[in-house]
Amino acid sequence: MSETKKCMEYIYLKSDDISKYKNHIFIVPIGSIEQHCGLPLGLDSIIISKIASDLCKVMNDVIIMPTIYYGFSPEWYNAKGTITLDMETFSGIIKSILNSIAKFGGKKIVFLNGHGGNSYILESVLREWISNNSETIILLINYWKALNINIGHAGNVEKSIAKALNINIEESECNGKIDLYNGNTKIIVSGPKEESKTQEINEINLNHDDIILKIKEEIIKALNFVNEESGSFIL
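Residues numbered from 1 in each chain as written. Predicted model: local features only at pLDDT ≥ 70, side-chain atom pairs only at ≥ 80, totals over all residues. Heavy atoms only, no water.

Caption draft 1: Looking closely at the overall build of the chain. Across its full length, the chain carries 6 helices and 5 strands. Its helices and strands taken in sequence order, the chain reads β-β-α-β-α-β-α-β-α-α-α from the N to the C terminus. Relative to the compact-globule value of 18 Å for 235 residues, the chain shows a C-alpha radius of gyration of 18 Å, a close match. Taking the principal axes of the C-alpha coordinates as reference, the chain spans close to 60 × 35 × 35 Å. Per-residue burial for the chain yields a buried fraction of 45% across its 235 residues. Here the chain displays about 13,400 Å² of accessible surface, and carbon together with sulfur accounts for 49% of that area. Computed over 23 positive and 29 negative side-chain charges, the inter-centroid distance for the chain is 4 Å. (Helix = DSSP H or I, 4+ residues; strand = E, 2+ residues; numbered from the N terminus. Rg over C-alpha atoms; globule rule 2.2 N^0.38 Å. Buried < 20%, exposed > 50% of the residue type's maximum accessible area, 1.4 Å probe, protein only. Areas by Shrake-Rupley, 256 points an atom, 1.4 Å probe, with all protein chains shown as cover. Lys, Arg positive; Asp, Glu negative; His and termini not counted. Charge placed at Lys NZ, Arg CZ, Asp CG, Glu CD.)

Caption draft 2: Spotlight on the sheet that holds strand β2 (residues 25–30). Pairing is parallel in the open sheet, where 5 strands are placed in the order β1-β3-β2-β4-β5. Both edges of this open sheet fall to β1 (7–9) and β5 (137–142), since each of them pairs with a single strand only. When the angles between neighbouring strand axes are averaged without regard to direction, this sheet yields 20°. The pairing of strand β4 (residues 108–113) with β5 spans 6 bridges and is classified as parallel. Its bridge partner being in β5, F111 is matched across the sheet by L140. Lying over the sheet, helix α3 (residues 119–130) contacts β2, β4 and β5, oriented at roughly 175° with respect to β5. Contacts from helix α6 (residues 208–228) reach β2, β4 and β5 within the one sheet, and its direction differs from that of β5 by about 150°. (Pairing = 2+ DSSP bridges. Axes fitted to C-alpha atoms, helices over the stretch in contact; angles between N-to-C directions. Contact = heavy atoms within 4.5 Å.)

Caption draft 3: Region of the structure containing the state of the cysteines. Going through the model one piece at a time under the given rule, you end up with 2 disulfides. The disulfide bridge from C7 ends at C56, spanning 2.0 Å between sulfur atoms. Handedness of the C7-C56 disulfide follows from its S-S torsion of about -110°: it is left-handed. Pair noted here: C7 is in strand β1 and C56 is in the loop between α1 (43–55) and β3 (62–64), with a separation of 49 residues, a long-range link. (Disulfide = S-S within 2.5 Å.)

Caption draft 4: Geometry of α3. For α3, which comprises 12 residues, the first-to-last C-alpha distance of 16 Å matches the rise-based estimate of 16 Å (1.5 Å per residue) to within 8%. Considered for burial, the residues of α3 that qualify are S119, I121, L122, V125, L126 and W129. All buried residues of α3 fall inside an arc of 165° around its axis, so they share one side. (Expected span 1.5 Å × (residues − 1). Arc of directions from axis to C-beta.)

Caption draft 5: Representation of the side chain of N118 in the model. Within the fold, N118 resides in the loop between β4 and α3. In this structure the side chain of N118 is engaged in a polar contact, spanning 2.9 Å, whose partner is the backbone oxygen of G31. Apart from residues lying up to four places away in sequence, N118 is in contact with I30, G31, G71, F72, F90 and N113. (Polar contact = N/O pair within 3.5 Å; in protein donor to acceptor, adjacent residues only side chain to side chain.)

Caption draft 6: Broad picture of the side chain of N113. Position of N113 among the secondary structure elements: in strand β4. A polar side-chain atom of N113 sits 3.1 Å from a polar atom in the side chain of N118. Side-chain polar atoms of N113 contact the side chain of S119, separated by 3.3 Å.

Caption draft 7: Inspection of a nonpolar patch on the surface at higher detail. Residues Y69, Y70 and I83 make up a contiguous nonpolar surface patch of roughly 300 Å² in combined accessible area. Relative to the helices and strands, Y69 resides in the loop between β3 and α2 (87–103). For Y69, a relative accessible area of 42% translates into the label partly exposed. (Patch = residues over 30% accessible without salt bridge, like charges linked within 9 Å, V, L, I, M, F, W, Y side chains within 5 Å. Salt bridge = Lys/Arg side-chain N within 4 Å of Asp/Glu carboxyl O.)

Caption draft 8: Spatial organisation of the nonpolar core. Core analysis: the largest hydrophobic core is formed by 41 residues, its most contacted members being I51, Y143, I211, I215 and I219. Every element with two or more residues in this core is listed here: β2, α1, β3, β4, β5, α4 (143–146), α5 (156–164) and α6. Among the elements that take part in this core, α1 stands out by supplying 6 residues, more than any other. With residues up to four places along the chain from it excluded, the contact list for Y143 reads I47, I48, I51, N113, G114, I151, I161 and I215. By size, the runner-up hydrophobic cluster in this structure holds 23 residues, among which are I18, I63, L85 and L98. (Core = buried A, V, L, I, M, F, W, Y, C linked by side-chain atoms within 4.5 Å.)

Caption draft 9: Highlighting the pairing of β4. The buried fraction of β4 amounts to 5 of the 6 residues, a majority that puts the element mostly inside the structure. Examined bridge by bridge, β2 and β4 share 6 bridges and lie parallel to one another. Across the sheet, the residue bridging to P29 is L112, located in β4.

Structure representation (structure tokens):
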């Protein structure tokens, strides 16, 4: 009898069953714990966990890994409540997860990222790791890029994403302001001590199904591209 295609959460699998699922897509959600200007400290992790959970309802042959709740957030280290991993620890966790999945034969791994501060380190770690594990397919999906939006931080856009995903959050009285520089130069400064947010005027017009299906399509499109271009050098 052929195995029924379905999506499962890794934490409910049994050790003896792992080898049966080595050809599945392993989705690793990763967020952060940091100030969100009166919104939950774990909002990035809450959002990305919900996206992963809801992807599980519309995709087959997928294993949802436990969310990595802590991320790389030194920009908010001075603000109350933020818990950040240092670069070495963050990188080590990612490499250890990759090594562990690869050890039992997992070949398709998707890092589903919910925090902008994780992006550059994640890409660097994944590029270094893949150089010695060329038979593995790794995708890095920053969910806001898959949705083609500027997510900001703790402002109206991020709140509207949470609402669209049916995440209940209380309205905040926090008025701290983040000014974003739109030039081509990165300005590196020590982060503020007070809670702050970006000041978008409007919310975005995306509903729950828009969000989940766009990210599903991004995963499928990227995997299909890799399969079609196997043997080619892809950047």
